[in-house]
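Spelled out from the first residue to the last, the chains are:
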Amino acid sequence: MARRIRIISGLVLFVFVTIHLLNVALGLHSIALMDRARPVLMGLWTNPLGTTVLASSMIAHAVLGLVAIYQRNTLRLSPSDSVQLLASLAIVPLLTPHVVGTVVAARFGVVPSFALLIPYFWIDQPQEGLRQVLLLAFLWVHGCVGVYTWARIQPWWPRIGGFLYPLAVAVPVLGLLGFVEAGNQAIAYFDNPAAFPGAVPPLEAPVLTLPFDEILALLKRINWTVFILYLILLAAVFAARQFRVAGSHGRARVTLAGGPVMTGSTSLNLLEIARLNHTPMANLCRGRGRCGTCRVRVLATTEKLPERTEAEEKTLARLAAPPDVRLACQLKPPAGDMTVERVLSPFLRPRDMHDHDAEAADGPHHGEPSTA
Amino acid sequence: MMMRSARALAALLMWFACMAPAAGQVAQPAAQTQAQDEAVGDPSANDVQELLRILGDPRVVVWLKNRLADLPQPETANRSLRAEIEDRLKAARRRIAELGEAWSNFPFLPDVLAEAWRAQLERGAALRSLTYVIIFLFIGGGLEWLFWQYFHPVLLRIEHTPPLTLAQRLRGAAARLLLQASGLLLFALGSIGAFLSFAWPTFLERVVVSVLLTVIGIRALAMLSRFVVAPRNAQLRLVPLETPMAARVHRWHLVVAGVYASAMMLSDTFAFLAQGPSGSPQAVNAALAVAVVLGAIATAAVIAMIWTLSRGLARDRAPQAGTTRRFETARLRVQPTVMTVIVLTAYLLWVFDANELMWTVLVLGMFVPAARLMRVMADHFVDRAEQSAREDAPVAQQADAAGSDDARQAEPADGTVADDPSDARDPAQAEDERYVIYRPLIHRIARFALAGMALLVLAAAWNTNIAALSDSPRFAGRLVKIAIDIAAAALIADLVWGWAKTAIDRRMAGYVAPPPGEPPGPEARMATLLPLTRNILLVALIALVGLTALSSLGVNIAPLIAGAGILGVAIGFGAQSLVRDIVSGIFFLIDDAFRVGEYVEIGDLRGTVESMSLRSMRVRHHRGAVHTIPFGELKSLTNYSRDWVIMKLEFRVPFDTDLRLVKKLVKKVGAELQADENYGHYLIEPLKSQGVRRMEEFNMVVGVKFMAKPGAQWVIRRDAYQKLRDTFEANGINFAQRNVKVEVLSDRPLSKEETDAVTGAAQDAIDQPRQQQPTPDEP
């Protein structure tokens, strides 16, 4: 259930960001066009229903992210996981001023529009512009890693995945270029308004409910409050995780049939032990128990293995796996010795995953690597 | 109007025409222009305006520029050495004054720079430029990511497929480099290209581009380091380092590249800032001070890298100090000191703005270490190639799996494999030999490439264009051209000779002269042909290089070649039979008709081949006579020393002999002969009985035969007869003796005369069958 909510809320947010970026990309033409297209493109989100969906997605995704951090068995993550985690940590402090400055400020009568914000970002407060760019970079990388991890185990991925890569680059690049070009137009306009008439559309005089300075001070306070709360929450989650992990002291010894002997703490699952021992193991969903590519056959064990988790049971049932097969990403080896063998090649590609003939032929010794 | 403009143009033309001649005549045009000035007088204001209008015409400007470009540069061409030195000294003095000023201004440095910076980048533009840098890095990174999305599987395949042959290894390394370079290129295009497609203020553009270039430069250096050191993948490593050491070397490379590129970027930016519109003398001095400090930091980083890495290397190699390692400990102790001195000298020279000298010191100082490094890399490369050639055999597979991430670990496995006397080794050894032949070739090429590169760098540093110099008609230019021509010819000849000599010597070293009494193997033919080939090649190469040198010196070699051709034809006619001898000799050798040490028959001459010359062969008869036979005289040749001979023996036994017993005894003797340690192994088929070959008047002829290696049959025959005789005697079989029964039909005793007559008649009967000739081919 959590998995489903996470991916759905993530997809909603991703779609929102994509549309927003496409809107910004129109800055390659003019600021006026950006503002004209805004109701069309963002209309989906500005109605009450859209706003509700968006806000609940954001909250759900953030909460689930904190839960996921709590559930991490180790902080020595794989490269893509660490990229995703670090990017997600950076998103909240970067995003808060943006959301507060647009959504909250609107309540005080400051109508957010590109004609207002582009000069603000590029001329008045260049550090805010920098913040937007960093936000976009982190947000997009985080979103892409997440969506890619989910999408590449879907049956349709091998067919159309190759066409989605260019989009993943084109959308943020166009957005950034639009942001730059709009900024250049704004800078040129404010340097010499006569030479570039209409580069920045005139603003309607805002009807402010409070004096502008007070609004700014209020927004700033909100930002800081959110930031400090976030830090406290994060510290609490990390501390709780540390507390949870600190309980287990045993060492598990896992022998890979025909391969190396791996050791690790009992707080780790088999996939994490393998990664920390530089032993490659296929895991297309990155340890989320969705794909079943990390499944291993347990050949011998000295201790009784823990029962299958719910997610593991479901995935293995879908794959019709025999009872001695377990998911490495869900199985926490108990202290003691066990011997397992990889069912799939460690260098499995997504397109091989749904190909059951290849699965049968791909023995565990198919591609024995020299180095991890 | 027209007239006036034409006149002005003509005057201009004249002026340029006067400037045109080489500087030897500088005095003369100066006088001329002066004279003209006096004759014409000052131009009117109208004329001047007209001239300005004409000069404003872009066509005229372009034409004049082209004209100007055609002129030789008199100042640079004919500066005397003395003036040059004086200039340099002056420059050095000026530089020292600047440095002193920069030093005295050091405390105000931050203020000055901050002021200049603020003057250029107002209104938070610095922050904005940071935004730009991040945006364009993101774009470049995105493009590169896209590239890797499609090509990462290819890279993985390259990195995880252990290469088996040299070609595979080469292809793998090259493909990996190509992929990474393409990724970096896309990154550069995406970042800098996207940035430059907008219009920017000059200073901002400069700053952002130099930051982007710095990032790209660091990445390019890192890529190069990864190509050579391959810290993660021992299979693709080009230097003999172990994985932890390689990782350290790579880390240091990254650090030094980062420090160096950042220092360059910063000092370049400050220099640009100081020389820009907002610059001031203080700012220039401050920029200089910053550059000197940054240079010192970069130099310190390089020196730190040299010392740390050489200490690490020394520690790694210390246990093997006794064995012959490629890095010796003593050298490791001296080398960092030398390199430190070189780097420090180069830095000081750079500080004093003597860039030519700096480059000279760097190139000369680094040539020896670089050459050694190249040599080590080439050796490592060939070693690995040989190793992988050996690993083809299945025996080595598991050793490979165990030691694949470590070159050293694989070496013991390598040793055990070499001792393994299996037949599967042969192709691998052939492969080996090929690499051994390539090794000196690679060394030579690497050394020459390095020397060429060093020369080019030196020439560039001293601002001499070698290509232009060799085209210039002056003496020095011609000398350079001749030197280049001769060096190129000598280089190519040396490469060919190096390769051929190694190949031939290698084959010759593999040839072992057969011990006396044994037939020579097929290598004997090579032993005849190869020295010949080598000498011919040497003479041809020397002649070619000589001719090339002569021709580039300007000697017309056409008559020489023609003369040689005529001489060749004349000699060819005169020495027709000589040529025939040589050519047919080569063909006999290629046919492998005979080898040194073989017993041959040519016409009615017979004997052992003793030696071969270019023209004739020498055959020694078994009774000592020596025949010299020109190859041209050989029509057909019988070789008695090839592969096998069959020897047939026969002996006579009385009619009452038990033939089964004979067969059994022969078989027993055959087994004895085969068991003999001296010649048993020469027997290809043992002695066996062929049964009764024919019946004669008084006895049966029993035949036996055996097959043996050529040359051994005589000894075997001798012993066979001896053993057969002894065995037969021991078993009661007598050889038949020719006896004539004389039937005397009277019963009275014969008188003495009668007996003599009967004996005489019987003697005739005994003598009647002719004695068989001894086998003619017996030596």
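Residues numbered from 1 in each chain as written. Chains lettered and ligands numbered in written order. Predicted model: local features only at pLDDT ≥ 70, side-chain atom pairs only at ≥ 80, totals over all residues. Heavy atoms only, no water.

Asker: Give a description of the overall build of chain B that names residues and reports values.
Answerer: Regarding its fold elements, chain B presents 25 helices and eight strands. Here chain B holds 779 residues, and 35% of them are scored as buried. In the structure as shown, chain B presents an accessible area of about 45900 Å², 63% of it carried by carbon and sulfur atoms. (Helix = DSSP H or I, 4+ residues; strand = E, 2+ residues; numbered from the N terminus. Buried < 20%, exposed > 50% of the residue type's maximum accessible area, 1.4 Å probe, protein only. Areas by Shrake-Rupley, 256 points an atom, 1.4 Å probe, with all protein chains shown as cover.)

Asker: Could you give an account of the pairing of strand E4 (residues 626–630) of chain B, with specific residues and numbers?
Answerer: Residue and element names in this part refer to chain B. Where strand E3 (residues 616–620) lies against E4, five bridges are found, and the strand directions are antiparallel. Looking across to E4, one finds that Arg618 is bridged to Thr628. Between the end of E3 and the start of E4, which pair antiparallel, lie five residues, with Gly624 showing a positive phi angle near 110 degrees. (Pairing = 2+ DSSP bridges.)

Asker: Go over the UniProt feature "transmembrane region" (unreviewed entry) in chain A with me, naming the residues and quoting the values.
Answerer: Feature annotation in UniProt places "transmembrane region" (unreviewed entry) on residues 7–29, 49–70, 82–110, 130–151, 163–180 and 222–243 of chain A, given in this structure's numbering. Taken end to end, residues 49–70 of chain A has its terminal C-alpha atoms 31 Å apart, with 100% of it in helix and 0% in strand. (UniProt positions renumbered as here; feature names shortened; annotations may be inferred.)

Asker: Can you break down the sheet that holds strand E8 (residues 700–708) of chain B residue by residue, with the values?
Answerer: Residues and elements named next belong to chain B. A sheet is described by the order of its strands in space; here three strands give the open sequence E6-E8-E7, paired in antiparallel fashion. The two strands at the open ends of the sheet, each matched to only one other strand, are strand E6 (645–653) and strand E7 (683–695). With strand direction ignored, the average angle separating the axes of adjacent strands in the sheet is 20 degrees. Relative to E8, E6 runs antiparallel, the two being bridged by nine bridges. Counted as the bridge partner of Met647 is Phe706 from E8. The strands that helix H23 (residues 659–675) touches are E7 and E8; relative to E7, the one it contacts most, it runs at about 160 degrees. The strands touched by helix H24 (residues 713–730) are E6, E7 and E8; relative to E6, the strand with the most contacts, the crossing angle is about 25 degrees. (Axes fitted to C-alpha atoms, helices over the stretch in contact; angles between N-to-C directions. Contact = heavy atoms within 4.5 Å.)

Asker: Quick rundown of helix H8 (residues 212–246) of chain A? Include the residues and the values.
Answerer: Residue and element names in this part refer to chain A. The end-to-end C-alpha distance of H8, which contains 35 residues, comes to 51 Å, matching closely the 51 Å that a straight helix rising 1.5 Å per residue would cover. Those residues of H8 not exposed but buried are Ile215, Leu219, Asn223, Tyr230, Leu234, Val237, Arg241 and Val245. Where H8 is buried, its residues touch helix H3 (48–71) and helix H4 (79–107). (Expected span 1.5 Å × (residues − 1).)

Asker: Please set out helix H10 (residues 310–319) of chain A residue by residue, giving values where relevant.
Answerer: Residues spaced three or four apart along an α-helix face the same direction, because each turn holds 3.6 residues. Residues and elements named next belong to chain A. Among the residues of H10, Glu312, Thr315 and Leu316 are the ones counted as buried. Along H10, the residues classed as buried sweep out an arc of 95 degrees about the axis, all on the same side. Away from the buried face of H10 by more than 90 degrees, exposed residues Glu310, Lys314, Ala317 and Arg318 are located. Summarising the contacts, the buried residues of H10 are in contact with strand E3 (295–301) and strand E4 (325–327). (Arc of directions from axis to C-beta.)

Asker: Would you mind going over the interface of chain A and chain B in detail, with residue names and values included?
Answerer: In this assembly, 31 residues from chain A lie in contact with 25 residues from chain B. Interface of chain A and chain B: buried area, both sides summed, is about 2600 Å²; carbon and sulfur atoms make up 75% of it. Linking chain A with chain B are zero salt bridges. Counting across the interface, chain A meets chain B through one residue pair in polar contact (both at pLDDT 80 or more). Broken down by element, the side of chain A that touches chain B gets its largest block of residues, 15 residues, from helix H7 (residues 157–191) of chain A. Classifying every residue of the side of chain A that touches chain B by side-chain character gives 23 nonpolar, six polar and two charged. (Buried area = accessible area lost by both parts, 1.4 Å probe. Salt bridge = Lys/Arg side-chain N within 4 Å of Asp/Glu carboxyl O. Polar contact = N/O pair within 3.5 Å; in protein donor to acceptor, adjacent residues only side chain to side chain. Nonpolar A, V, L, I, M, F, W, Y, C, P; charged D, E, K, R; others polar.)

Asker: Please provide a residue-by-residue account of the environment of Pro306 of chain A, values included.
Answerer: All names here are of chain A. Tracing the sequence through the fold places Pro306 in the loop between E3 and H10. Linking Pro306 and Pro333, residues 27 residues apart in sequence, is a C-alpha distance of 7.9 Å. Filtering out sequence-adjacent residues up to four positions away, Pro306 remains in contact with Arg326, Leu331, Lys332 and Pro334.

Asker: Any details on the sheet that holds E3 of chain B? Residues and values, ideally.
Answerer: Ordered in space as E4-E3-E2-E1-E5 (chain B), the five strands form an open sheet in which the pairing is antiparallel. Only two strands of the sheet have a single neighbouring strand rather than two, namely E4 and strand E5 (638–639) of chain B.

Asker: If you had to explain the packing of helix H5 (residues 114–124) of chain A against H7 of chain A to someone new, which residues and values would you point to?
Answerer: Residue and element names in this part refer to chain A. Two elements in contact, H5 and H7, have axes separated by 9 Å at closest approach and are oriented at 80 degrees. As judged from the angle between their axes, H5 and H7 are roughly perpendicular. Counted together, Ile118, Pro119, Phe121, Trp122 and Ile123 of H5 and Phe179, Val180, Ala182, Gly183, Ala186, Ile187 and Phe190 of H7 form the full contact between these two elements. Partitioned by chemical class, the residues of the contact of H5 with H7 number 11 nonpolar, one polar and no charged. (Parallel < 35°, antiparallel > 145°, perpendicular 65-115°, else oblique.)

Asker: Lay out a nonpolar patch on the surface with the relevant residues and their values.
Answerer: Residue and element names in this part refer to chain B. Nonpolar side chains collect at one region of the surface, where Leu550, Leu553, Val555, Leu560 and Ile561 lie side by side and expose about 400 Å² of accessible area between them. Those elements that place two or more of their residues in the nonpolar patch are helix H20 (523–553) and helix H21 (558–574). Relative to the helices and strands, Ile561 is located in helix H21. (Patch = residues over 30% accessible without salt bridge, like charges linked within 9 Å, V, L, I, M, F, W, Y side chains within 5 Å.)

Asker: I'd like a description of the packing of aromatic side chains, backed by residues and values.
Answerer: All chains considered together, the criterion is met by 25 aromatic pairs over all chains. Here the aromatic rings of Phe16 of chain A and Trp45 of chain A are separated by 5.4 Å at their centres, their planes lie at 90 degrees, and the arrangement is edge-to-face. Note that Phe16 of chain A is positioned in helix H1 (residues 2–25) and Trp45 of chain A in helix H2 (residues 31–46), a separation of 29 residues in sequence. Residue class for Trp45 of chain A comes out buried when judged on its relative accessible area of 10%. Members of the aromatic cluster, joined through ring pairs, are Tyr148, Trp150, Trp156, Trp157 and Tyr165 of chain A together with Trp145 and Tyr150 of chain B. (Phe/Tyr/Trp six-rings, centres within 6.5 Å; stacked < 30°, edge-to-face > 60°.)

Asker: Hey, could you go over the pattern of salt bridges for me, with residue numbers and the actual values?
Answerer: Residues and elements named next belong to chain A. Under the criterion given, the structure shown has 27 salt bridges over all chains. Residues Asp337 and Arg253 are paired through a salt bridge, measuring 3.2 Å at the closest nitrogen-oxygen approach. In this pair, Asp337 sits in strand E5 (residues 336–342) while Arg253 sits in strand E1 (residues 251–256), placing the two residues 84 residues apart along the sequence. On the basis of relative accessibility, which here comes to 38%, the residue Asp337 falls in the partly exposed class. A salt bridge links Arg308 to Glu313, with the shortest nitrogen-to-oxygen separation between them at 3.4 Å.

Asker: Provide a residue-level description of the pairing of E3 of chain B, including the pertinent values.
Answerer: Residues and elements named next belong to chain B. Where strand E2 (residues 605–612) lies against E3, four bridges are found, and the strand directions are antiparallel. Residue Val609 lies in a different strand from E3, and its bridge partner there is Val619. As consecutive antiparallel partners, E2 and E3 are separated by three residues.

Asker: I'd like to hear about the packing of H3 of chain A against H8 of chain A, residue by residue, with values.
Answerer: All names here are of chain A. Between H3 and H8, the least distance of the axes is 8 Å, while the angle of their chain directions is 30 degrees. With respect to H8, the element H3 is oriented roughly parallel. Like other packed secondary-structure pairs, H3 and H8 cross with a definite hand, here right-handed. Between H3 and H8, the contacting residues are Leu66, Ile69, Tyr70 and Gln71 on the first element and Leu233, Leu234, Val237, Phe238, Ala240, Arg241 and Arg244 on the second. Residue composition of the contact of H3 with H8, by class: eight nonpolar, one polar and two charged. (Left-handed = near helix turned anticlockwise from the far one by under 90°.)

Asker: Please set out the nonpolar core residue by residue, giving values where relevant.
Answerer: Core analysis: the largest hydrophobic core is formed by 68 residues, its most contacted members being Ile118 and Trp140 of chain A together with Tyr132, Ile135 and Phe136 of chain B. The element contributing the most residues to this core is H7 of chain A, with 13 residues. Ignoring sequence-local partners within four residues, the contact set of Phe136 of chain B consists of Leu177 and Val180 of chain A together with Gly190, Ser191, Ala194, Phe195, Phe198, Trp200 and Leu212 of chain B. Grouped together as the second largest cluster of nonpolar side chains are 24 residues, Met647, Leu687, Ala708 and Ala720 of chain B included. (Core = buried A, V, L, I, M, F, W, Y, C linked by side-chain atoms within 4.5 Å.)

Asker: How would you sum up the environment of Met265 of chain B? Please name residues and give values.
Answerer: Residues and elements named next belong to chain B. Tracing the backbone shows Met265 in helix H11 (residues 243–275). Distance in space between the C-alpha atoms of Met265 and Val215 is 9.9 Å, their sequence separation being 50 residues. The residues contacting Met265, other than those within four sequence positions of it, are Ser210, Val211 and Thr214.

Asker: With reference to specific residues and values, describe the confidence of the model for chain A.
Answerer: Looking at chain A, the pLDDT average stands at 83 and 94% of residues meet or exceed 70. Scored below 50 in pLDDT, residues 357–372 of chain A makes 24 contacts in the model with residues more than four places away or belonging to other chains. (pLDDT = per-residue confidence, 0-100.)

Asker: I'd like to hear about the state of the cysteines, residue by residue, with values.
Answerer: Residue and element names in this part refer to chain A. In the structure shown here, the tally under the stated rule is zero disulfides over all chains. A disulfide-free cysteine, Cys329 has its sulfur positioned 3.6 Å from the sulfur of Cys294, the nearest such atom. By relative accessible area, which is 5% here, Cys329 ends up buried. (Disulfide = S-S within 2.5 Å.)

Asker: How would you summarise unusual backbone geometry if you had to cite specific residues and measurements?
Answerer: Its identity as a non-glycine residue notwithstanding, Arg286 of chain A has a phi of 55 degrees, on the positive side. With respect to the element layout, Arg286 of chain A can be found in the loop between helix H9 (270–276) and E3. Even without being glycine, Asp643 of chain B reaches a positive phi, approximately 65 degrees. By the secondary structure assignment, Asp643 of chain B is in the loop between E5 and E6.

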